Amino acid sequence: MGDRPKTVTAAIALFMTAGALAADAGPIPGNPLIEIPAGPFVFGRDDGPENERPRRVVEGQSFQINRTEITNRQYARFVEATGHRPAFYAGHPVLGLDDRPVVGVSWADADAFCRHHRLTLPSERQYERAARGAAALAFPWGAAPPDDMRVNAGAEDCCAADARDGYPMTAPADSFESGASAEGVLHLVGNVWEWTSDVYAPYEGNRGGTQPGAGTFRVLRGGSWNSDPSHLATTYRLAYDPDFRFSANGGFRCVRSEP
Ligand SMILES: [Ca+2]
Ligand SMILES: [Ca+2]
């Protein structure tokens, strides 16, 4: 028992060192890029909605992903530097706060932001690797179902806001540390849906037939502040009109991929 505190201290110090080594300040001030190592991971699943099938193991390349969703402060700097149109909710008393994830952006707005920083939107595969880890976790933090400490979510029934987690709408992008992924990425589930680079289509090997929106819509991932538990999943695919920029619950983050 006598040396137990020492062991605990050593374990915490090691974890912090590993975290520091894996982060790169990146091109967006205040939003470091977190290294996601190469290796096999599970993509898709067979026990959920038809469009998430089939489950298969794929070989992942290493990449880096923003630690947090892009914030209003970060998006405003991009608007100022480029003259790009502001986010639709930039002036909203809650949704427009500096530290909250930017919402009210089309797919092209999000893509332009990432490209301005010589980054791209994550592919569905990159999102899923970052969110599920190498061990096909059900959630970024593990197997336990979402709770008020880990996720900024909505009500149990579909599509209503809920403040039991402390936030009726968006929460600061840098919050809910206990919901972080193994690599330390925040809000991969909940807070705001996140645009991916992928055009919506059935997965390779899917036998479900035609899916509405395939070939034209883009995919959002992760659920948001007004999502119920069925949408707060690392595999759920939301196909959406890429030109729609009026969603108060949709944002994004960026990645840097290997050349
Ligand atoms: Ca909430
Ligand atoms: Ca999110």
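Everything below is about the structure shown above.
For clarity, every value in this text was computed on a predicted model and none was experimentally measured.

Thresholds, definitions, all that
- The written sequence of each chain sets the order in which its residues are numbered from 1.
- By the order in which they are written, chains take letters starting at A while ligands take numbers starting at 1.
- At least 70 in pLDDT is required for a residue's local features to be given in this predicted model, at least 80 for side-chain atom pairs to be given and counted, and no such filter applies to totals for whole chains, interfaces and linings, which use all residues.
- Values reported for side chains reflect all heavy atoms of the structure, with hydrogen atoms and water molecules removed beforehand.
- Only Phe, Tyr and Trp rings take part, Trp by its six-membered ring, and two of them pair if their centres are within 6.5 Å. Stacked means planes under 30 degrees apart, edge-to-face means over 60, and tilted covers everything else.
- The numbering of helices and of strands both runs from the N terminus, where a helix is a DSSP run of H or I of at least 4 residues and a strand a run of E of at least 2.
- Buried residues are those whose accessible area, probed at 1.4 Å on protein chains only, stays under 20% of the maximum for their type, while exposed residues exceed 50% and partly exposed ones sit between those limits.
- When two cysteine sulfur atoms lie within 2.5 Å, the pair is treated as a disulfide.
- With water excluded from the atoms, a metal site may look incomplete; its donors are any N, O or S atoms within 2.8 Å, or within 3.2 Å for Na, K and Ca.
- DSSP-based pairing: two strands are paired if at least 2 bridges between them are found.
- The contact criterion used is simple: two residues touch if any of their non-hydrogen atoms lie within 4.5 Å.
- Fitting a line to C-alpha atoms yields each axis, with helices limited to the stretch in contact; the angle taken between N-to-C directions then spans 0 to 180 degrees.
- Counting of polar contacts relies on pairs of N or O atoms within 3.5 Å, with two restrictions inside protein: one atom must be capable of donating a hydrogen and the other of accepting it, and residues adjacent in sequence are counted only when both atoms are side-chain atoms.
- Here, nonpolar core refers to any group of buried Ala, Val, Leu, Ile, Met, Phe, Trp, Tyr and Cys residues whose side-chain atoms link them within 4.5 Å.
- Salt bridge, as used here, is a side-chain nitrogen of Lys or Arg placed within 4 Å of a carboxyl oxygen of Asp or Glu.

S.K.: How do you make sense of the packing of aromatic side chains when you look at a structure like this?
M.R.: Working definition: an aromatic ring pair is given by the centre-to-centre distance plus the angle between the planes. Under the counting rule described, the total for this entry stands at 13 aromatic pairs. Measuring from centroid to centroid gives 5.0 Å for F88 and Y89, while their planes differ by 90 degrees, and the two rings are edge-to-face. Considering the side-chain rings of W193 and Y236, the 6.0 Å spacing of their centres and the 50 degrees angle between planes classify their relative orientation as tilted. You can see W193 sitting in strand 6 (residues 193-199) and its partner Y236 sitting in the loop between strand 7 (218-221) and strand 8 (237-240), a full 43 residues away along the chain. Of the two residues, W193 and Y236, both sit in the buried class. One aromatic cluster is present, built from ring pairs that chain together F88, Y89, Y240, F244 and F246.

S.K.: Can you help me understand unusual backbone geometry in this one?
M.R.: Note: most peptide bonds trans; most residues except glycine with negative phi. The linkage connecting R53 with the following residue, P54, adopts the cis geometry, with an omega of 0 degrees. With respect to the element layout, P54 can be found in the loop between strand 3 (39-43) and strand 4 (56-60). Phi at R118 is positive, roughly 60 degrees, even though this residue is not glycine. In this structure, A136 is a non-glycine residue whose phi angle is positive, near 55 degrees.

S.K.: What is the right way to look at the state of the cysteines in this model?
M.R.: Here a disulfide denotes a covalent bond joining the sulfur atom of one cysteine to the sulfur atom of another. Considering all chains together, one arrives at two disulfides under this definition. Residue pairing for C114: its cysteine sulfur links by disulfide to C254, the two sulfurs lying 2.1 Å apart. Because the torsion about its S-S bond is -85 degrees, the bridge between C114 and C254 counts as left-handed. Of the two residues, C114 sits in helix 3 (residues 107-116) while C254 sits in the loop between strand 9 (250-251) and strand 10 (255-257), which places them 140 residues apart along the sequence. A single burial state applies to C114 and to C254, both of which are buried. Taken in N- to C-terminal order, the disulfide-linked cysteines of the chain are connected 1-4, 2-3.

S.K.: Explain the coordination of the calcium ion (ligand 1) here, please?
M.R.: Ligation of the calcium ion (ligand 1) by protein atoms is provided by N152 (OD1), A153 (O), D162 (O), D165 (OD), D165 (OD) and Y167 (O), these donors lying 2.4 to 2.6 Å from the ion. Donor residues binding the calcium ion (ligand 1) come from one chain and are separated in sequence as N-A-x8-D-x2-D-x1-Y.

S.K.: I'm lost on the sheet that holds strand 5 (residues 63-66) in this one. Help?
M.R.: The pairing of strands in a sheet happens through backbone hydrogen bonds and is either parallel or antiparallel. Strand order in the open sheet formed by four strands is 1-2-5-10, and the pairing between neighbours is antiparallel. Of all strands in the sheet, those with a lone pairing partner are strand 1 (23-24) and strand 10, marking the two edges. On top of the sheet, helix 4 (residues 124-132) reaches strand 2 (33-36), strand 5 and strand 10; it is set at about 75 degrees to strand 5, its chief contact.

S.K.: Where do I start with the side chain of R221 in this structure?
M.R.: As for its position among the elements, R221 is in strand 7. With relative accessibility at 0%, the residue R221 sits in the buried group. A polar contact is formed between the side chain of R221 and the side chain of E128, at a distance of 2.8 Å.

S.K.: Would you explain the nonpolar core in this entry?
M.R.: Judged by nonpolar contacts, the single largest core of 22 residues is most densely connected at Y75, F113, W195 and F252. Counting only elements with at least two residues in this core, the list comes to helix 2 (72-82), helix 3 and strand 6. For this core, the leading source of residues is helix 3, giving four residues. Formed by 16 residues, the second largest nonpolar core is a distinct cluster that contains F63, Y127, V185 and V255.

S.K.: Looking at this structure, how should I read the environment of A160?
M.R.: Structurally, A160 can be placed in the loop between helix 4 and strand 6. On a C-alpha basis, the gap between A160 and D148 in space is 15 Å, while along the polypeptide they are twelve residues apart.

S.K.: Please explain the coordination of the calcium ion (ligand 2) as it appears in this structure.
M.R.: Six octahedral donors around a metal ideally make angles of 90 or 180 degrees; four tetrahedral donors ideally make 109.5 degrees. Listed as protein donors to the calcium ion (ligand 2) are E69 (OE), H187 (O), G190 (O), V192 (O) and E194 (OE); their distances from the metal cover 2.3 to 2.6 Å. Counting along the primary sequence, the residues that act as donors to the calcium ion (ligand 2) give the motif E-x117-H-x2-G-x1-V-x1-E. Of this pair, E69 sits in the loop between strand 5 and helix 2 while E194 sits in strand 6, and the two are 125 residues apart along the sequence.

S.K.: Would you take a moment to explain the pattern of salt bridges for this structure?
M.R.: Opposite charge on two side chains permits pairing when their charged atoms draw close. For the structure on display, the rule yields 20 salt bridges. With its nearest N and O atoms 4.0 Å apart, the salt bridge here joins R245 to D109. Remark: D109 occurs in helix 3 and R245 occurs in the loop between strand 8 and strand 9; sequence separation between them is 136 residues. Note on R245: relative accessible area 15%, which makes it buried. With its nearest N and O atoms 3.2 Å apart, the salt bridge here joins D162 to R164. Note on R164: relative accessible area 40%, which makes it partly exposed.

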